[in-house]
Amino acid sequence: DWNMPDYITEAVEKIRAQVGDEEVILGLSGGVDSSVAAALIHRAIGDQLICVFVDNGLLRLNEGAQVMETFGQNMRMKIVHVDAGDEFLKHLTGVSDPEQKRKIIGREFVEVFQRESAKLKSAKWLAQGTIYPDVIESAGAKTKKAHTIKSHHNVGGLPDTMHLKLLEPLRELFKDEVRELGVALGLPSDMVYRHPFPGPGLGVRILGEVKREYAELLRRADAIFIEELRNTRDVSGKTWYELTSQAFTVFLPVKSVGVMGDGRTYEWVVSLRAVVTSDFMTAHWAHLPYELLGKVSNRIINEVRGINRVVYDISGKPPATIEWE
Ligand code: XMP
């Protein structure tokens, strides 16, 4: 058992002793780990921390604005907002293989991040939101040749060619502890208790080639699904967002026929995916209420012109994976 105020005091002192009056760069993704790391380091050294937020064009609806509001306006952190969507999309043109897409998105992130960091010449430190399970995992990957089904590209994976000293204040913490710390540091609990979101973002939720049009439709459809999950409760009083471990929408680059008024439509299909799992290694599809599924489907079809069919994914992991790519 740990005492949070004491823990924060100690962690803050440790960071101050480590970095002194030097500047620190941190790649802020909006995910739990980098957000909590940013909040903790900011508590310790204030404006000596400079966050770099790379918008890869594959984020969810309003995500960039939310990150800027939470960290920039509310917490008053220094943040460089890099709008790199066009660049990412350009490199993804014509690419449909999932692993290839992951590689490109990962490589592009490093490229953009390094370019932006190079402009911050006085910085001596690179902070990362590495947590204890990441430490274990990468130790394991070094000893045994990692058997990878999917290469998981994440914001953490930066090469050590940046000649910066590493600052990893969450290295000893488990995910639950990171979340508790985040709340204690004043991060919104919506952010701290969010479902995981993959590093390649919507890039692996748009099947095959990623196109701007697809990303825009998917973002709107997914926002509706998530909103309804957050607003609908089961008998226990919990929301369906809380009752599921991960939920999202997948864009299928397939057109199907529909009717609207007197007319025939020929538009895109999306699939809803919601799973319950304790470790993400295996997962069950979530038994969402039919009323909820029906409402989400109606709203997506009525509100997102360009999508005329919504399906629900009822595959377990294994044999399916949680993501579709
Ligand atoms: P799968 O689809 O393999 O996903 O059942 C298991 C968990 O990992 C997440 N995932 C990723 N996370 N980069 C990430 O940071 C990736 O490339 C990636 N691929 C899958 C997925 O969202 C789920 O939580």
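Counting restarts for each chain, with residues numbered from 1 along the sequence as it is written. Under the rules for a predicted model, residues below a pLDDT of 70 receive no local features and side-chain atom pairs below 80 are neither given nor counted, while totals for whole chains, interfaces and linings still include all residues.

Here is the rule we go by: UniProt positions are given in the numbering used here, feature names are shortened, and annotations may be inferred rather than shown by experiment.
If you look the chain up in an unreviewed UniProt entry, it shows as GMP synthase [glutamine-hydrolyzing] from Ferriphaselus amnicola. A UniProt comment under Function (unreviewed entry) is attached to the chain, and it reads "Catalyzes the synthesis of GMP from XMP." The UniProt entry for the chain carries the following comment under Pathway (unreviewed entry): "Purine metabolism; GMP biosynthesis; GMP from XMP (L-Gln route): step 1/1."

**Some words on the sheet that holds strand E4 (residues 123–127)**
For clarity, the threshold we go by: The criterion for strand pairing is that DSSP finds at least two bridges linking the strands in question. Segments assigned H or I by DSSP are reported as helices when at least four residues long, segments assigned E as strands when at least two residues long, and all are numbered from the N terminus. Convention adopted: a line fitted to C-alpha atoms gives each axis, helices being fitted over their contacting stretch, and angles between N-to-C directions are expressed from 0 to 180 degrees.
Sheet architecture is open: five strands sit in the order E3-E2-E1-E4-E5, paired in parallel fashion. Two strands close off the open sheet at either side, each with one partner strand: strand E3 (78–83) and strand E5 (165–167). If you compare each strand with its neighbour and ignore which way they point, the axes differ by 30° on average. As defined by bridge partners, E4 adjoins E5 across three bridges and the pair is classed as parallel. When the sheet's bridge partners are listed, alanine 127 is paired in E5 with leucine 167.

**Comments concerning the packing of helix H9 (residues 212–231) against helix H11 (residues 290–303)**
Let me state the cut-off plainly: Orientation labels follow simple angle bins: below 35 degrees gives roughly parallel, above 145 gives roughly antiparallel, 65 to 115 gives roughly perpendicular, and whatever is left gives oblique. The hand of a helix crossing depends on one turn: near helix anticlockwise from the far one by less than a right angle means left-handed, and clockwise means right-handed. Here, residues touch in the contact sense if the C-beta positions derived from the backbone fall within 7 Å of one another. When residues are sorted by character, Ala, Val, Leu, Ile, Met, Phe, Trp, Tyr, Cys and Pro go into the nonpolar class, Asp, Glu, Lys and Arg into the charged class, and all the rest, Gly among them, into the polar class.
Across the interface, H9 lies against H11 with an axial gap of 9 Å and an inter-helix angle of 150°. In this view, H9 runs roughly antiparallel relative to H11, as classed from their interaxial angle. Where H9 crosses over H11, the handedness of that crossing is right-handed. Contacts between H9 and H11 pair Ala221, Ile224, Phe225 and Glu228 from the former with Leu292, Lys295, Val296, Arg299, Ile300 and Glu303 from the latter. Among the residues forming the contact of H9 with H11, the class breakdown is six nonpolar, no polar and four charged.

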